[in-house]
Structures are given as C-alpha cells and as structure tokens.
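Here is what each chain is made of, one letter per residue.
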Amino acid sequence: MDMYYFLVFAGFAFAFGACVASFLNVCIWRLPRNESVVYPPSHCPNCNARIKWYQNIPILSWCCLRGKCANCKKPISVRYTIVELLGGVLFLMAYLQWAMPFMLRQLPILGLVPCMDIKVMLAEWVVATGLILGSFIDLEHFYLPDRVTIGGMVLGVPFSFLAPELQGQNVGLHALYWSLGGLLFGFFFLWGVGALFSKLVKKDAMGFGDVKLIGAIGAFFGPWAVLFTIIVSSLVGSIAGGLLIWRGRAKLGSFTAVPYGPFLALGTLIWMYWGPTLVDWYLKLLSPH
C-alpha cells in the first residue's frame, strides 16, 4: 500500500468515525427520551434553534463556536466533542489494524493486533459504534438500550461466520460455534455472578443490560474475550469506585453510583485492539524460565 493512499484512507476512517459519532450524539440525547432520531433536525437543546450544516461539522464546529450555541450563546457540552473524537480515534485504530500488515510489513502500530480481513475492521466499527452509544447512555441514565445489547447478540453471530478472525478461527463454521458459545457463556456466567452477589448483599448488584452486553461481546469475540473483559472491567471498575468513594462522590455499598456498562465497553475495546497480545505476554510472564 502506497503511503499516500494509507494516509488518505486513515483520514477517511477518522472523519467517518467522527461523523458516525456525531449522529450518536443525537441518539444519546433522544433515545432515552423516546424521541425520533430523524425528526426534527439537529437543534440547540436550550433555544431550539436549528443547527445549520456548517455549524454541525464534527469537532471543528464546536471549536470554532468556542463551545457555545451560535444563536443563544449558551454553552454546548464538551461531551459532544468527546464522543466525536472517540468515534474518530476508534475507527482509525480499527483501520490501522487492517492496514498495517500491508503498509509496514507486520510491524505493529501502538502494539495493535493486526487483522487481515477487512470484514474484521467493519465489525470493529460496528462494535465501537454500539459501545459508544451504550456507554454514554449508561453514564447518564443508568441503563443499556436493547438496540446495543440485543442488537449486538444478533449481529455478532453472522459477523463471526463471515469474519472468522474475530473468533481467532480460520473457518466460518468453527467461528459460528465459538460465537454461539461465547454468547451463551457470557450471558449465563455474568447473570449467575450477578444473581449470587445480589443474594449475598440482599439488593440488585447488576443490571440485566450488563448481562445482555457481555452476551453480545461473547457473540462477537468468543468466550476468552468474555473472561478478559470481565476481569479488566472489574479491576478498572473497582479502582474507579474506590476513587469515587475516596472523593466522597459515592458511598461504600452503593451499586447504582457507578454504571458497569462503560467498564465492560473499555474491557472490550482493550481486547479488540490488544487482547491476544496482552494474554500472550501474561502467559509468558507466568511460564517458568
């Protein structure tokens, strides 16, 4: 692959991811409020003034407007730009995974695990889209929409069949078995852990949306990804919860103060881009010399 085309497509991947995330901003705001994501067109939530197309360019418009509505001058949340940047970066990273074996002769970029099948890149774009949407809704409203969780379980199986590399397989039928196994394992494992923990503390300790999300993760990436994601998300979630308790923003024993979905999403992204490499490194660390 020529460097010129590599850079052009890299720019396209980032821009496309930012545009998708710009639409996700609409979904994050409207879906919990049961509003249409199509009509009315984008408008300021404060003054309802319609946002013109040149005021709706991802990242750039927020910066040019200095984070304020062009009509009423009230602040526009920086969350919109964060979501757009995140979408652009995640789409770019998936592209680099696919492009680097052709561009750099197997040399890794940022330690990313290379993938040879372009369908894997497309699947990772779908996963990143769902995780962004679900995470930001969960952060604000403490629930994961079925469009993300059940949708992920439904899409993960055919994607795995069409792109066996998602499951670490070479044959579509084998990948299909791993996908179904990952879906069932993730769903029932986390459901069992949540039910047991809820019984011990005598209160709901985990939302059912988290259970469906881990099922979707298993459908896309298999049982090993489920275990990896649960371990990483639990570790990071424990650290985040401890920091919130230390800062006085949460109480010990309060399970609703910190939604678990974003941590599952983070664990999934780490697996998607670096998981097998990290697992290999850890196994070598444990093996006797």
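Residues numbered from 1 in each chain as written. Predicted model: local features only at pLDDT ≥ 70, side-chain atom pairs only at ≥ 80, totals over all residues. Heavy atoms only, no water.

Student: Which residues make up the overall build of the protein, and what values go with them?
Tutor: When helices and strands are tallied, the protein shows nine helices and zero strands. Helices and strands appear in the protein in the N-to-C order α-α-α-α-α-α-α-α-α. Radius of gyration (C-alpha) of the protein: 20 Å, near the 19 Å computed for a compact globule of 289 residues. Dimensions along the principal axes, computed over C-alpha positions, put the protein at roughly 65 × 60 × 35 Å. Per-residue burial over the protein gives 43% buried out of 289 residues. Averaging the positions of the 20 positive and the 12 negative side-chain charges in the protein gives two centres separated by 12 Å. (Helix = DSSP H or I, 4+ residues; strand = E, 2+ residues; numbered from the N terminus. Rg over C-alpha atoms; globule rule 2.2 N^0.38 Å. Buried < 20%, exposed > 50% of the residue type's maximum accessible area, 1.4 Å probe, protein only. Lys, Arg positive; Asp, Glu negative; His and termini not counted. Charge placed at Lys NZ, Arg CZ, Asp CG, Glu CD.)

Student: Which residues make up the pattern of salt bridges, and what values go with them?
Tutor: Considering all chains together, one arrives at four salt bridges under this definition. K119 is paired through a salt bridge with D117; the nearest N and O atoms lie 3.4 Å apart. For K119, a relative accessible area of 33% corresponds to the partly exposed category. The exposure class assigned to D117 is buried, which follows from its relative accessible area of 19%. Three or more residues are tied together by salt bridges with common partners; here these are R33, R79 and E140. (Salt bridge = Lys/Arg side-chain N within 4 Å of Asp/Glu carboxyl O.)

Student: Talk me through the packing of helix α5 (residues 146-162) against helix α7 (residues 208-221); I want residue IDs and the actual numbers.
Tutor: Running from N to C, α5 and α7 point in directions that differ by 15°, and their axes come no closer than 7 Å. Classified by the angle between their axes, α5 and α7 sit roughly parallel to one another. Like other packed secondary-structure pairs, α5 and α7 cross with a definite hand, here left-handed. Side by side, α5 and α7 meet where D146, V148, T149, I150, G152, M153, L155, G156, V157, F159 and S160 of the first sit next to G209, K212, L213, G215, A216, A219 and F220 of the second. Tallied by class, residues from the contact of α5 with α7 come to 10 nonpolar, six polar and two charged. (Axes fitted to C-alpha atoms, helices over the stretch in contact; angles between N-to-C directions. Parallel < 35°, antiparallel > 145°, perpendicular 65-115°, else oblique. Left-handed = near helix turned anticlockwise from the far one by under 90°. Contact = heavy atoms within 4.5 Å. Nonpolar A, V, L, I, M, F, W, Y, C, P; charged D, E, K, R; others polar.)

Student: Pulling in residues and values, what's your account of the packing of aromatic side chains?
Tutor: Inspection of the entire model under this criterion finds 14 aromatic pairs. Between Y273 and W274 the ring centres are 5.8 Å apart and the planes differ by 70°, which places this aromatic pair in the edge-to-face class. For W274, a relative accessible area of 26% puts it in the partly exposed group. Three or more aromatic residues link up through ring pairs in this structure, and these residues are F12, F16, F91 and W125. Cation over ring: R79 sits above Y80, and NZ or CZ is 4.6 Å from the ring centre. (Phe/Tyr/Trp six-rings, centres within 6.5 Å; stacked < 30°, edge-to-face > 60°. Lys NZ or Arg CZ within 6 Å of the ring centre and 35° of its normal.)

Any functional reading would require information that these geometric values do not contain.
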